[in-house]
Amino acid sequence: MTISAMDSSSTGTGTGGGRRAATRQKLYEAAVTLIAEKGFSATTVDEIAERAGVAKGTVYYNFASKNELFEELLRHGVGLLTASLRTAAEETEARGGSRVEALDAMIRAGLVFIDRYPAFTQLYVAELWRTNRTWQSTLMVVRQEAVAVVEKVLREGVERGELSSEIDVQLTAAAMVGMVLVAALDWQSFQRERSLDDVHSALSLLLRGRVSGNR
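Thresholds, definitions, all that
- Residue numbering note: each chain is counted from 1, following its sequence as written.
- Reporting in this predicted model follows two pLDDT cut-offs: at least 70 for local features of residues, and 80 or more for side-chain atom pairs to be given and counted; totals over whole chains, interfaces and linings ignore these cut-offs and use all residues.
- Note that water and hydrogens are dropped before the side-chain values are worked out from all heavy atoms of the structure.
- The helix count covers DSSP runs of H or I at least four residues long, the strand count covers runs of E at least two residues long, and both are numbered beginning at the N terminus.
- Only protein chains enter the area calculation, which uses a 1.4 Å probe; residues under 20% of their type maximum are buried, those over 50% are exposed, and those in between are partly exposed.
- Contacts were defined at the residue level, with two residues in contact if any of their heavy atoms lie within 4.5 Å.
- Under the convention used here, a 1.4 Å probe and the Shrake-Rupley method define accessible areas, while residue burial counts only the protein chains that appear.
- UniProt positions are given in the numbering used here, feature names are shortened, and annotations may be inferred rather than shown by experiment.
- Whenever a helix is involved, its axis is fitted only over the stretch in contact; in every case the axis is a line through C-alpha atoms, and angles between N-to-C directions fall within 0 to 180 degrees.
- Small angles under 35 degrees read as roughly parallel and large ones over 145 as roughly antiparallel, with 65 to 115 read as roughly perpendicular and the rest as oblique.
- It is the rotation of the near helix from the far one that decides the hand of a crossing: anticlockwise by less than a right angle makes it left-handed, clockwise makes it right-handed.
- In this analysis a 1.4 Å probe is tested at points of a 1 Å grid over the protein atoms alone, and where it fits but cannot get out there is a cavity; an open set with protein on both sides within 12 Å along at least five of seven lines is a pocket; lining residues have an atom within 4 Å of a point.
- Grid points are joined across faces, edges and corners, and a volume is the space filled by probe spheres set on the points.
- The classification used treats Ala, Val, Leu, Ile, Met, Phe, Trp, Tyr, Cys and Pro as nonpolar, Asp, Glu, Lys and Arg as charged, and all other residues, Gly among them, as polar.

1. Describing the overall build of the chain
Argument step 1. From N to C terminus, the chain includes nine helices and zero strands.
Argument step 2. Taken from N to C terminus, the helices and strands of the chain fall in the order α-α-α-α-α-α-α-α-α.
Argument step 3. Within the chain, the proportion of its 215 residues that are buried is 45%.
Argument step 4. Intrachain contacts of the chain at a sequence separation of at least 6 include 66% that bridge at least 24 residues.
Argument step 5. Of the accessible surface of the chain, which amounts to about 10,900 Å², a share of 51% is contributed by carbon and sulfur atoms.

Put into structure tokens, the structure is as follows:
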């Protein structure tokens, strides 16, 4: 599935808002695929417009610059990842599941997201380590929003006695998000013979054996 299929229900209302949301989705898809292929600096606004099937002026109508387009793309994509993690935790809670089960569900939700949007995930991970971008502060904010969802569940697990009180919640949450991102990208790039269930099973064992302290 391409990034154009990402949920855009929060962008605009009515017919005009729907059209603009659809246009922005086309531009997101064009940008993410081109930048994945060529890199940010080598990708031009003309190419993004051509790939999206719109006029160059349409790009500037929706975004002030290529930088803003990419910043909003990152914000949009990470926002959807965060929402999927939160939904997984809330659905587990609604079923009466434990916080460890919620963390496991979040791992699977993260893998599903990455499997659906691998090009976006590759760009996101690459941009995390670049400090000279104008959107770096925005990227750090949306990253923290995703990590905070995991932190919340970890803290609840500690408070309920399901998880060890010795764990560093902040660092563990960041490690879990990083584990899912890196393992999934390795799977996508080098171990495509494995199924999503295989990867989830391996990460689930790490979670249950290390974070929860179970054997």
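2. Some thoughts on the UniProt feature "DNA-binding region" (unreviewed entry) in the chain
Argument step 1. Within this structure's numbering, the places UniProt gives as "DNA-binding region" (unreviewed entry) are residues 44-63.
Argument step 2. Measuring from the first to the last C-alpha atom of residues 44-63 gives 14 Å, for a span that is 75% helix and 0% strand.

3. Thoughts on the packing of helix H5 (residues 99-116) against helix H8 (residues 169-190)
Argument step 1. Closest axis-to-axis distance for the H5/H8 pair is 10 Å, and the angle between their directions is 40°. Of the possible angle classes, the one that applies to H5 and H8 is oblique. When you trace H5 past H8, the crossing you get is right-handed. Across the interface between the two elements, Leu 103, Ile 107, Gly 110, Leu 111, Ile 114 and Asp 115 of H5 pack against Met 176, Met 179, Val 180, Leu 181, Ala 184, Trp 187 and Gln 188 of H8.

4. Topic: the layout of surface pockets
Argument step 1. As a volume, the largest pocket reaches approximately 220 Å³.
Argument step 2. Where the lining of the largest pocket is concerned, the elements lending two or more residues are helix H6 (118-128), helix H7 (136-159) and H8.
Argument step 3. Looking at the lining of the largest pocket, the element that brings in the most residues is H8, giving five residues.
Argument step 4. Partitioning the lining of the largest pocket into residue classes produces ten nonpolar, one polar and one charged.

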